[in-house]
Amino acid sequence: MTKNWWLNMANINIGYFPAALFSNMTSADQVGWGGRTRTPPNTPSPPMGSGHFPDHTFHHACYFTFVSFQNEATRNYGIGPHGAQTFSDRSDCFGVRYLGYIAEEVGYSLQFGGPGGSCGN
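Residues numbered from 1 in each chain as written. Predicted model: local features only at pLDDT ≥ 70, side-chain atom pairs only at ≥ 80, totals over all residues. Heavy atoms only, no water.

## A word on the packing of aromatic side chains
Item 1. In total, this model carries 3 aromatic pairs according to the counting rule given.
Item 2. On the basis of an interplanar angle of 65° and a centroid distance of 5.3 Å, the ring pair of Y101 and Y108 is categorised as edge-to-face. (Phe/Tyr/Trp six-rings, centres within 6.5 Å; stacked < 30°, edge-to-face > 60°.)

If you want it as structure tokens, here you go:
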């Protein structure tokens, strides 16, 4: 095992993290996704994604589908909704919701986004 890490999306390798750059990447017990909007100081924040809060409707808020993790045997697996934690530091402006397994067509999924506004800089 090389302990090199690949970021893979839709069976396409999009990121490579060689073990030589990271002394502590032999395994992971947490994975995170994040997002942010940027704006000049003292101006309203723009919407994130489509501008809709997560609402279980994929054509409203932005989303990730087929979210999975890969173990040492290169087997993909998802995590149930109670095994994931979500956090938004400005829930009045942006939200995130981990939906867990939805259906074979979308797998494990999460939604994010919001209208932005007076969110602070």
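## What to know about the confidence of the model for the chain
Item 1. Predicted confidence across the chain gives a mean pLDDT of 82, with 93% of residues reaching 70 or more.
Item 2. Highest mean pLDDT in the chain belongs to strand β7 (residues 107–113) (90); lowest belongs to strand β1 (residues 5–9) (77). (pLDDT = per-residue confidence, 0-100. Helix = DSSP H or I, 4+ residues; strand = E, 2+ residues; numbered from the N terminus.)

## Observations concerning unusual backbone geometry
Item 1. Positive phi, close to 70°, is recorded for H56, a residue that is not glycine.
Item 2. By secondary structure assignment, the location of H56 is in the loop between β2 (12–17) and β3 (62–64).
Item 3. Of note, F66 is a non-glycine position whose phi angle comes to about 55°, a positive value.
Item 4. The residue F66 is located in the loop between β3 and β4 (69–70) in this model.
Item 5. Note on F66: relative accessible area 49%, which makes it partly exposed. (Buried < 20%, exposed > 50% of the residue type's maximum accessible area, 1.4 Å probe, protein only.)

## Considerations on the state of the cysteines
Item 1. A full pass over the atoms with the stated rule returns 1 disulfide.
Item 2. A sulfur-sulfur separation of 2.0 Å characterises the disulfide bridge that pairs C93 with C119. Looking along the S-S bond of the C93-C119 disulfide, the torsion reads about -115°, which is the left-handed sense. Of this pair, C93 sits in the loop between β5 (76–77) and β6 (95–103) while C119 sits in the segment after β7, placing them 26 residues apart in sequence. Summarising the burial analysis for this pair, C93 and C119 share the class buried. (Disulfide = S-S within 2.5 Å.)

## Some words on the environment of W6
Item 1. Locating W6 in the fold gives a position in strand β1.
Item 2. Residue W6 is classed as exposed on the basis of its relative accessible area of 51%.
Item 3. In the structure, W6 is positioned 40 residues away from P46 in sequence and 32 Å away in space, judged by C-alpha atoms.
Item 4. When near neighbours in sequence (up to four residues on either side) are disregarded, W6 contacts N13, G15 and Y16. (Contact = heavy atoms within 4.5 Å.)

## Focus on the sheet that holds β6
Item 1. Here we have 3 strands laid out as an open sheet, ordered β3-β7-β6, and antiparallel in their pairing. Where the open sheet ends on each side, the last strands, each with one partner, are β3 and β6. Averaged over all adjacent pairs, the angle separating strand axes in this sheet is 25°, with direction ignored.
Item 2. Across 7 bridges, β6 lies against β7 in antiparallel orientation. Paired with V96 across the strands is F112, a residue of β7. (Pairing = 2+ DSSP bridges. Axes fitted to C-alpha atoms, helices over the stretch in contact; angles between N-to-C directions.)

## Thoughts on the pattern of salt bridges
Item 1. All told, the structure shown has 1 salt bridge when counted by the stated rule.
Item 2. Notably, a salt bridge pairs R90 with D92, separated by 3.0 Å at the nearest N-O pair.
Item 3. The class for D92 is partly exposed, based on a relative accessible area of 45%. (Salt bridge = Lys/Arg side-chain N within 4 Å of Asp/Glu carboxyl O.)

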